[in-house]
Amino acid sequence: DAGVTQSPTHLIKTRGQHVTLRCSPISGHKSVSWYQQVLGQGPQFIFQYYEKEERGRGNFPDRFSARQFPNYSSELNVNALLLGDSALYLCASSRLGTKADTQYFGPGTRLTVL
Amino acid sequence: DQQVKQNSPSLSVQEGRISILNCDYTNSMFDYFLWYKKYPAEGPTFLISISSIKDKNEDGRFTVFLNKSAKHLSLHIVPSQPGDSAVYFCAVMNNNAGNMLTFGGGTRLMVKP
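Residues numbered from 1 in each chain as written. Chains lettered and ligands numbered in written order. Predicted model: local features only at pLDDT ≥ 70, side-chain atom pairs only at ≥ 80, totals over all residues. Heavy atoms only, no water.

Per the secondary structure count, chain B includes zero helices and eleven strands. Put simply, chain B runs from its N terminus to its C terminus through helices and strands in the order β-β-β-β-β-β-β-β-β-β-β. Against the globule reference of 13 Å for 113 residues, chain B gives a C-alpha radius of gyration of 13 Å, in line with a compact fold. Seen through its principal axes, chain B has C-alpha atoms that stretch 45 × 30 × 20 Å. Pairs at least 24 apart in sequence give 54% of the contacts found in chain B among residues at least 6 apart. Measuring between centres, the 11 positive side-chain charges of chain B sit 4 Å from its 9 negative side-chain charges. (Helix = DSSP H or I, 4+ residues; strand = E, 2+ residues; numbered from the N terminus. Rg over C-alpha atoms; globule rule 2.2 N^0.38 Å. Contact = heavy atoms within 4.5 Å. Lys, Arg positive; Asp, Glu negative; His and termini not counted. Charge placed at Lys NZ, Arg CZ, Asp CG, Glu CD.)

Dropping the structure here:
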């Protein structure tokens, strides 16, 4: 079975631009979460979606938004990019999005903002 | 403020010996605790978890211990193998927050042959 896939793997943008990152969950998984991992730190929660509804939002500015599609894939959008947005963006999927439900992470998208 | 701390950024252990990775948390509302392992260029991989009603959970070479009074979590790997060399993250969940994970900063484990 295919794991969580993310695209693109790497991305370079300049300040002020907009970026869209994509995630396809494991087949049968209905929940997708997004995390930001800055170099040298642990991942930080951005959003969780379940059945196309936002279930949770972390402490990130409104420049960050996301959505989940009927096929359970998801997009993370970041507007007005700042240098500090440079990070590894991780997507995780789980069957039901509940506490004991194991989350499986994709390999991430490395975003560099110049 | 960091709610989850891994105070050792790195740990070096000889193959066959025990590796002990530690994690401290501040919020008593956390009631589910996990360890993830991360290799370079890969996403974190789930290792083992424990709920707050237990104080120990074992899975093969991996054992997680929870000390709720001290708000301390540890992962024991016995025996350590070179393939265990990776960054280990502890993560916690709040009982009111879906399955949102709050991660520590990670500990890089190096197992020497």
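Continuing now.
On the surface, a cluster of nonpolar side chains totalling about 220 Å² of accessible area is made up of Ile18, Ile20 and Val78 of chain B. Position of Val78 of chain B among the secondary structure elements: in the loop between strand 8 (72-77) and strand 9 (86-94). (Patch = residues over 30% accessible without salt bridge, like charges linked within 9 Å, V, L, I, M, F, W, Y side chains within 5 Å. Areas by Shrake-Rupley, 256 points an atom, 1.4 Å probe, with all protein chains shown as cover. Salt bridge = Lys/Arg side-chain N within 4 Å of Asp/Glu carboxyl O.)

Take the state of the cysteines next. Under the definition given, this model contains two disulfides over all chains. Across the disulfide from Cys23 of chain A sits Cys91 of chain A; the S-S distance is 1.8 Å. Looking along the S-S bond of the Cys23 of chain A-Cys91 of chain A disulfide, the torsion reads about -65 degrees, which is the left-handed sense. Of the two residues, Cys23 of chain A is situated in strand 3 (residues 19-24) and Cys91 of chain A in strand 9 (residues 87-94); the sequence distance between them amounts to 68 residues. Cys23 of chain B shares a disulfide with Cys90 of chain B; S-S distance 1.9 Å. Because the sign of the S-S torsion sets the handedness, a value of about 65 degrees for the bond joining Cys23 of chain B and Cys90 of chain B places this disulfide among the right-handed ones. Within this pair, whereas Cys23 of chain B is found in strand 3 (residues 19-25), its partner Cys90 of chain B is found in strand 9, the two being separated by 67 residues in sequence. The residues Cys23 of chain B and Cys90 of chain B share a single accessibility class, namely buried. (Disulfide = S-S within 2.5 Å. Buried < 20%, exposed > 50% of the residue type's maximum accessible area, 1.4 Å probe, protein only.)

A few words now on the layout of surface pockets. Roughly 520 Å³ of volume is contained in the largest pocket. For the lining of the largest pocket, the elements supplying multiple residues, two or more each, are strand 9 and strand 11 (107-112) of chain B. Counted by class, the lining of the largest pocket contains ten nonpolar, nine polar and three charged residues. Considering the residues around the second largest pocket, the lining is formed by 19 residues, among which Pro43 and Gln44 of chain A together with Gln3, Thr102 and Phe103 of chain B are closest to the centre. Of all the elements in the fold, those that place two or more residues in the lining of the second largest pocket are strand 5 (44-50) of chain A together with strand 10 (102-103) of chain B. Residue classes in the lining of the second largest pocket are distributed as seven nonpolar, eleven polar and one charged. (1 Å grid on protein atoms, 1.4 Å probe; cavity = no way out; pocket = protein on both sides within 12 Å on 5 of 7 lines; lining within 4 Å. Points joined across faces, edges and corners; volume = space filled by probe spheres on them. Nonpolar A, V, L, I, M, F, W, Y, C, P; charged D, E, K, R; others polar.)

A few words on the pattern of salt bridges. Summed over the entire model, instances satisfying the criterion amount to eight salt bridges over all chains. The residue Glu75 of chain A makes a salt bridge to Arg67 of chain A at a minimum N-O spacing of 3.3 Å. A residue is classified by how much of its surface remains accessible, and Glu75 of chain A, at 11% relative accessible area, is buried. Of the charged contacts in the structure, one is a salt bridge between Asp84 of chain B and Arg61 of chain B, with a shortest N-O distance of 2.8 Å.

Ranked by internal contacts, the top residues of the largest apolar core, which has 23 residues, are Phe33, Trp35, Leu73, Leu75 and Tyr88 of chain B. In contact with Leu75 of chain B, other than residues within four places in its own chain, are Ser19, Ile20, Leu21, Trp35, Leu47, Ile48, Phe62, Thr63 and Tyr88 of chain B. One finds Leu11, Leu21, Phe47 and Ala66 of chain A within the second-largest nonpolar core, a separate group that totals 22 residues. (Core = buried A, V, L, I, M, F, W, Y, C linked by side-chain atoms within 4.5 Å.)

Right, let's talk about the environment of Arg55 of chain A for a bit. Turning to its location among the elements, Arg55 of chain A is positioned in strand 6 (residues 53-57). The partly exposed category is assigned to Arg55 of chain A, whose relative accessible area is 37%. Taking C-alpha positions, Arg55 of chain A is 9.2 Å from Ser31 of chain A, a pair spaced 24 residues apart along the chain. Beyond its immediate sequence surroundings of up to four residues, Arg55 of chain A is in contact with Gln48, Tyr49, Tyr50, Leu96, Gly97 and Thr98 of chain A together with Gly98 of chain B.

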